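Take a look at the letters that make up each chain.
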Amino acid sequence: MATAIEVEHLTKTFPGRVAVDDVSFSIEQGKIVGFLGPNGAGKTTTIRMLTCFLPATHGRAAVMGFDVFDQAIEVRRRIGYLPEATPVYPEMRVEEYLRYRARLKGVPRAKVTAAVEQAMERTGTVEARRRIVGHLSKGFRQRVGIADALVASPPILILDEPTIGLDPNQIRQTRELIRELGEDHTVFLSTHILPEVEQVCDRVVIIHKGRLSGEGTPAELRERVSQGVRLKVEVRWPQDVGRERARETIRGELERIEGVRAVTATGGAPGSGDDSYSFAVLASSDDQVRDRIFYAAVEADWILRELTVEAMSLEEVFAHITNAEDEERGEDDSEGGDGDEAGGEGGDGDEGKGVETSDEGEDGDEGGDDDEDGDGERQEG
Amino acid sequence: MSKLHILIGREFKALFVSPVLWVVLVMFLFFQGFSFWLLLNFLSQPMAPEGAPMQYFFGGSMLYWLCFHPTCAVIPMGAIAAERRNGTLETLMTAPVTDLEVILSKFLACWGFFGILWVPTLAYVLLLSQYGEIDLGPVCAGYLGTLLLGGAFISIGILTSTATRNQIVAAIAALGIGLFLFLLALLAYLPSTMGSHEDLFNYVSIWSHMDDWGKGIVDTRHAAYPLSIMVLSLFCSVRLLEGRRWR
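A brief look at the structure comes next.

Conventions and cut-offs
- Residues numbered from 1 in each chain as written.
- Chains lettered and ligands numbered in written order.
- Predicted model: local features only at pLDDT ≥ 70, side-chain atom pairs only at ≥ 80, totals over all residues.
- Heavy atoms only, no water.
- Helix = DSSP H or I, 4+ residues; strand = E, 2+ residues; numbered from the N terminus.
- Polar contact = N/O pair within 3.5 Å; in protein donor to acceptor, adjacent residues only side chain to side chain.
- Buried < 20%, exposed > 50% of the residue type's maximum accessible area, 1.4 Å probe, protein only.
- Contact = heavy atoms within 4.5 Å.
- Buried area = accessible area lost by both parts, 1.4 Å probe.
- Salt bridge = Lys/Arg side-chain N within 4 Å of Asp/Glu carboxyl O.
- Phe/Tyr/Trp six-rings, centres within 6.5 Å; stacked < 30°, edge-to-face > 60°.
- Core = buried A, V, L, I, M, F, W, Y, C linked by side-chain atoms within 4.5 Å.
- Pairing = 2+ DSSP bridges.
- Axes fitted to C-alpha atoms, helices over the stretch in contact; angles between N-to-C directions.

**Quick word on the environment of Ile206(A)**
Relative to the assigned elements, Ile206(A) resides in strand 9 (residues 203-208). C-alpha of Ile206(A) to C-alpha of Gly216(A): the two residues are 10 residues apart in sequence and 8.9 Å apart in space.

Structural data, given as structure tokens:
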């Protein structure tokens with residue numbers, strides 16, 4: 001498969017801070033790739049460099065083999081871009097706007113109507129065709145933005161936070177649309193919402209504090225960080241020593257097993273009875289650990305009721321990766337909103353490294369502040 | 001340049017749905033009508049100086065400039081500044097269009113709007129022709145001069161609009177530059193500068209230029225002046241729009 005997007009040592013510094021720091025990755029054609037990171041990680045800045053809106057300080061990026069700096073027009077012809085805040089001319093009508101954008105993007109005059117109709121149909125904006133963009137709800141405006149991105153059927157779609165500010169229904173629809181679009185486009189979408197990535201993406205690129213911290217399929221990433229596995233263990237031990245003591249004894253025994261790193265007692269499954277004890281065991285990914293647990297149980301005369309491997313959610317992977325990096329760099333990561341984050345001023349200061357895990361709760365960084373992070377162009381404040 | 005007409009089309013429509021510019025349009029017509037009426041009254045007096053009304057109408061009186069400068073500053077004020085503030089600059093600049101196309105389309109749309117402002121004043125010419133002979137030469141020269149000078153000042157407005165994200169700042173800066181060029185003419189009359197740089201001051205002063213246009217003098221020098229301002233401002237605007245990405 002040919003490369004759709006190639007990024008090599010991409011760096012962007014703004015006065016006083018490094019927004020994107022030596023990021024390299026490449027994206028194959030025909031994939032849906034999630035660009036994941038907390039607010040202010042440098043997602044938008046990276047995307048703006050890919051779409052030729054901002055130049056890189058160092059490094060290079062190429063889209064479909066065209067350099068974003070030297071061949072900007074060629075690159076722009078090949079991408080459909082949905083900026084984060086979905087800026088759309090407020091005074092235009094939906095259809096009028098899409099026609100204008102289609103022609104601007106070089107759709108031949110004779111094909112404009114068909115292209116616009118198709119884009120409106122795919123995004124469900126047909127009913128709003130005569131409405132003025134400025135009067136549309138956020139969700140509709142977002143859809144108009146997506147329609148704009150795909151109206152000229154570019155090979156690559158770059159969507160910056162496509163589901164931000166939408167209600168749960170719209171989010172589901174948008175994700176379905178993205179999955180559909182993935183069939184005939186390369187889609188690069190940024191998000192700070194993990195379920196989105198798990199649901200729609202073939203690959204994930206994780207960025208944190210401007211640095212690349214992981215790349216691969218969701219499964220690969222899970223593999224990479226779970227240099228341990230999480231086991232769920234439930235044993236029954238009918239003993240007359242008191243529940244607390246029994247649990248502690250079992251815990252102690254489990255911890256002594258080679259390859260086990262940590263054991264925490266958890267609540268038992270419903271209906272497991274008084275003499276049942278459940279534990280979450282963090283063990284090395286050594287294949288033999290479960291065997292040893294089994295033998296230990298046999299030896300101690302426990303009845304092993306459950307011994308299963310729990311898959312780490314991408315969410316945990318993410319927390320793991322970002323935390324590990326922060327520790328490595330010895331930075332204090334206590335709260336977000338500090339000056340070195342690209343997300344900039346206001347709005348998302350309270351997020352910290354908070355990757356949102358819910359589908360609905362994405363608020364906080366819509367609106368005008370997003371526009372500020374990249375350009376550094378506030379001459380008069 | 002293939003996208004230029006598409007961009008101009010949108011810009012032009014956008015200007016005509018902008019409430020600010022409708023206010024400008026109304027005020028403009030009101031003041032032009034008022035100034036025409038004043039001029040006619042003034043020239044109908046027995047003691048009045050000689051000259052055709054339209055000659056005074058074009059640059060011959062302060063009223064002309066009172067109208068001219070603010071309109072030239074206000075029309076282009078939102079050109080780039082508003083796009084920047086609304087974030088639509090990002091959508092615009094990530095479409096396959098060049099910086100030059102963007103600046104030129106903004107400029108041409110604003111200039112066209114400025115031209116349209118003057119169309120109703122043709123009624124005055126018509127009116128005058130009902131009551132007497134009109135020398136069409138100076139009238140045409142007056143319109144031509146107005147258009148060219150208007151273009152020059154609108155290009156300055158485009159430049160200030162590219163430099164900031166605040167429309168008001170853009171308009172005030174453009175007005176300031178415009179008035180400065182206008183007032184340079186006065187330096188020619190200072191005793192200390194008289195003689196030495198008189199030519200220079202006269203050349204950069206739009207006042208003296210417009211005076212000649214109004215008299216019907218079509219001189220390439222008078223055309224070269226606004227044209228060079230246009231080229232310079234638009235060139236700087238394109239550079240500024242490019243340079244925005246370097247910071």
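**Let's talk about the side chain of Thr162(B)**
You can see Thr162(B) is positioned in helix 9 (residues 136-163). Engagement of the side chain of Thr162(B) in a polar contact is seen with the backbone oxygen of Ile158(B), the distance being 2.6 Å.

**Quick notes on unusual backbone geometry**
Phi is mostly negative for residues that are not glycine, and the peptide bonds are mostly trans. Residue and element names in this part refer to chain A. Despite not being glycine, aspartate 22 has its phi angle at roughly 50 degrees, a positive value. Turning to its location among the elements, aspartate 22 is positioned in strand 2 (residues 17-28). Residue classification places aspartate 22 among the partly exposed positions, given a relative accessible area of 41%. Look at cysteine 52: it is not a glycine, yet its phi comes out positive at around 65 degrees. Checked against the element boundaries, cysteine 52 lands in the loop between helix 1 (43-50) and strand 4 (58-63). The exposure class assigned to cysteine 52 is buried, which follows from its relative accessible area of 4%.

**Digging into the interface of chain A and chain B**
Contacts between chain A and chain B engage 33 residues on the former and 33 residues on the latter. Summing both partners gives a buried area of about 3,200 Å² for chain A against chain B, and 54% of it is carried by carbon and sulfur. Counting the contacts that link chain A with chain B gives 3 salt bridges. Between Glu96(A) and Lys13(B) there is a salt bridge whose closest N-O contact spans 3.3 Å.

**Structural notes on the packing of aromatic side chains**
Residue and element names in this part refer to chain B. Using the criterion set out here, one finds 31 aromatic pairs over all chains in the structure. Note on phenylalanine 34 and tryptophan 37: the rings are 6.3 Å apart at their centroids and 20 degrees apart in plane angle, and the pair reads as stacked. Of this pair, phenylalanine 34 and tryptophan 37 are both found in helix 2 (residues 19-44), 3 residues apart, which corresponds to roughly one turn of the helix. Aromatic pair tryptophan 65 and phenylalanine 182: ring centres 4.9 Å apart, planes at 45 degrees, arrangement tilted.

**Topic: the nonpolar core**
Most often, soluble globular proteins keep nonpolar side chains buried together rather than apart. One finds Ile5(A) and Phe188(A) to be the most contacted residues of the largest nonpolar core, which totals 139 residues. By residue number, the principal contributor to this core is helix 9 of chain B, which donates 10 residues. Contact partners of Phe188(A), with chain neighbours within four places excluded, come to Ile5(A), Phe25(A), Ile27(A), Val33(A), Phe35(A), Ile47(A), Leu50(A), Leu157(A), Ile158(A) and Leu159(A). Val233(A), Leu254(A), Ala283(A) and Val289(A) belong to the second largest nonpolar core, which has 18 residues in total.

**Description of the sheet that holds strand 2 of chain A**
All names here are of chain A. With antiparallel pairing, 4 strands are arranged side by side in an open sheet as 2-1-4-5. Of all the strands in the sheet, just strand 2 and strand 5 (66-67) have a single pairing partner and so form its edges. Here strand 1 (residues 3-14) runs beside strand 2; their pairing, made up of 8 bridges, is antiparallel. Bridge pairing in strand 2 links threonine 3 to glutamate 28. The sheet strands contacting helix 1 are strand 1, strand 2 and strand 4, and the helix crosses strand 1 at an angle near 120 degrees.

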